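What follows is the residue order along each chain.
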Amino acid sequence: MPGTLRDILDGAARGVFPPPDGGTTVVPQADRRDAGVLALTAHSVVFTDEDPRWVYETLGALDCDPLAATMNPRFLAALMDRTGRRHDTTDLLTVAPALAGEPPVALKELTDPDHPRVTRARGRRDDVRVWAADGGVLVLGRGVAGRWETAVEVDEEARHRGLGRLLAVAARHLVPGGEPVWAQQSPGNARSVRAFQAAGYRPVGAEALFVAPA
């Protein structure tokens with residue numbers, strides 16, 4: 001097994017995953033901001049600075065399918081209580097390789113945006129950049145373990161025209177250094193899931209992030 005969370009994420013972006021052995025790997029947080037759980041195919045990764053023995057003992061005490069233990073609400077609640085962190089939702093985690101050339105939609109970079117999605121992004125990502133399209137917004141920044149993450153927002157009146165997909169593709173053209181670009185979608189937001197998969201983003205697993213108190 002790779003030794004760091006970034007190693008695991010880089011491998012997943014290339015299609016190289018931990019063994020599907022039903023196990024759980026505990027690795028340190030890459031930084032103070034981000035702790036959480038990444039559930040892959042028959043293998044989970046818990047990234048926390050808590051004692052790994054506590055993680056394994058807590059998982060072993062759950063009365064549930066061992067393959068689902070790391071995403072069991074009782075474990076997630078125990079991790080919140082242990083760390084004093086907040087957990088909002090469990091997302092579908094997806095990734096796509098960078099693309100060369102110009103984005104497929106006209107964009108204007110914003111230097112002082114006040115869009116609510118941008119405000120949220122600045123609280124959870126570094127090096128945030130923002131572009132506006134006619135009817136939408138694209139955000140790109142460094143998130144968990146320094147990976148590049150994107151999020152898009154489409155105005156209500158501009159929906160059902162494929163703009164979300166075009167913005168998701170645009171992020172693949174804008175990501176610096178040819179690195180892969182990651183995106184999280186709430187599984188219940190079928191519109192967003194469809195848009196990102198149509199834009200070439202491949203599902204990797206489920207991710208639960210724990211936010212440190214301000």
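Every chain begins its residue count from 1, and numbering advances along the sequence as written. Side-chain atom pairs in this predicted model are given and counted only at pLDDT of 80 or more, local residue features only at pLDDT of at least 70, and totals for whole chains, interfaces and linings cover all residues. Side-chain measures were taken over the full set of non-hydrogen atoms in the model, leaving aside hydrogen atoms and water.

K.L.:
With reference to specific residues and values, describe the packing of aromatic side chains.
P.N.:
Centres within 6.5 Å make a pair out of two Phe, Tyr or Trp rings, where for Trp the six-membered ring is used; the pair is then stacked when the planes are under 30 degrees apart, edge-to-face when over 60, and tilted otherwise. Counted by the stated rule, this structure contains two aromatic pairs. With a centroid separation of 5.0 Å and 80 degrees between ring planes, the pair formed by Phe196 and Tyr201 is classed as edge-to-face. Think of it in three bands: with a 1.4 Å probe and only protein chains considered, a residue is buried below 20% of the maximum accessible area for its type, exposed above 50%, and partly exposed in between. Classification of Phe196 by relative accessible area gives buried; the value is 4%. Residue class for Tyr201 comes out buried when judged on its relative accessible area of 2%. Any Lys NZ or Arg CZ that is within 6 Å of a ring centre and within 35 degrees of that ring's normal is treated as a charge sitting over the ring. Residue placement shows Arg147 over the ring face of Trp182; its charged tip is 5.4 Å from the ring centre.

K.L.:
Break down the pattern of salt bridges for me, citing the residues and quoting the values.
P.N.:
Within this document, salt bridges are pairs made up of a side-chain nitrogen of Lys or Arg and a carboxyl oxygen of Asp or Glu, the two lying within 4 Å of each other. Across all of its chains, the model carries 14 salt bridges by this definition. Between Glu149 and Arg147 there is a salt bridge, with its nearest N and O atoms 2.6 Å apart. The pair Glu149 / Arg147 is uniform in exposure class, with both members buried. Among the charged side chains, a network of salt bridges with common partners joins Arg6, Asp10, Arg142 and Glu179.

K.L.:
Any details on the side chain of His173? Residues and values, ideally.
P.N.:
Under the scheme used here, helices are H or I runs from DSSP no shorter than 4 residues and strands are E runs no shorter than 2 residues, and both carry numbers assigned from the N terminus. Position of His173 among the secondary structure elements: in helix 5 (residues 163-174). By relative accessible area, which is 18% here, His173 ends up buried.

K.L.:
How would you summarise the sheet that holds strand 9 (residues 181-185) if you had to cite specific residues and measurements?
P.N.:
Two strands pair under a simple rule: DSSP has to find at least two bridges between them. One open sheet holds the ten strands; their spatial order is 1-3-2-10-4-9-8-7-6-5, and the pairing between them is mixed. Edge positions in the sheet fall to strand 1 (23-27) and strand 5 (108-110), since each of these pairs with one other strand and no more. Pairwise comparison of adjacent strand axes, ignoring direction, gives a mean angle of 30 degrees for this sheet. Summarising the sheet, strand 7 (residues 136-142) and strand 8 (residues 148-154) pair through seven bridges and their orientation is antiparallel. Directly across from Arg142, in strand 8, lies its bridge partner Trp148. Any two residues having at least one pair of non-hydrogen atoms within 4.5 Å are treated as being in contact. To get an axis, fit a line to the C-alpha atoms, keeping to the stretch in contact for a helix; angles then go from 0 to 180 degrees between the N-to-C directions. Each of strand 1 and strand 3 (43-47) is contacted by helix 2 (residues 52-60), which is oriented at about 155 degrees to strand 1, the strand it contacts most.

K.L.:
How would you explain helix 2 if you had to name every residue and give the values?
P.N.:
Every buried residue belonging to helix 2 is among Trp54, Val55, Thr58 and Leu59, and all of these are buried. All buried residues of helix 2 project into a common sector of 125 degrees when viewed along the axis, lining one side. More than 90 degrees from the buried face of helix 2, the exposed residues found are Arg53, Glu57 and Gly60. In this fold, the buried residues of helix 2 make contact with strand 1, strand 3 and helix 3 (73-83). It is the directions from the helix axis to the C-beta atoms that the arc portrays.

K.L.:
Residue-level account of the side chain of Asp91, with values.
P.N.:
Among the structural elements, Asp91 can be located in strand 4 (residues 86-96). Under this rule, positive means Lys or Arg and negative means Asp or Glu; His and the chain ends count for nothing. Within the buried set, Asp91 has no salt-bridge partner at all; the shortest N-O distance to an opposite charge, 6.5 Å, is to Arg124. Of note is the side chain of Asp91, whose polar atom sits 3.5 Å from the backbone nitrogen of Ser186. Beyond its immediate sequence surroundings of up to four residues, Asp91 is in contact with Gln184, Gln185, Ser186, Pro187, Gly205, Ala206 and Glu207. The definition of a polar contact used here is a pair of N or O atoms within 3.5 Å, where within protein one atom must be able to donate a hydrogen and the other to accept one, and adjacent residues in sequence count solely through side-chain atom pairs.

K.L.:
Please give an account of the packing of helix 2 against helix 3 that cites residues and values.
P.N.:
Axis separation between helix 2 and helix 3 bottoms out at 10 Å; the angle between their running directions is 145 degrees. Of the two elements, helix 2 crosses helix 3, and the hand of that crossing is right-handed. Of the residues in helix 3, those in contact with Trp54, Val55, Thr58 and Leu59 of helix 2 are Phe75, Ala78, Leu79 and Arg82. When its residues are assigned to classes, the contact of helix 2 with helix 3 shows six nonpolar, one polar and one charged. Crossing handedness is read from the near helix: turned anticlockwise from the far helix by less than a right angle, it gives a left-handed crossing, and turned clockwise, a right-handed one. Here the term charged refers only to Asp, Glu, Lys and Arg, the term nonpolar to Ala, Val, Leu, Ile, Met, Phe, Trp, Tyr, Cys and Pro, and the term polar to all other amino acids, Gly among them.

K.L.:
Which residues make up unusual backbone geometry, and what values go with them?
P.N.:
Unusually for a residue other than glycine, Asp127 sits at a positive phi of about 50 degrees. As for its placement among the helices and strands, Asp127 is situated in strand 6 (residues 126-133).

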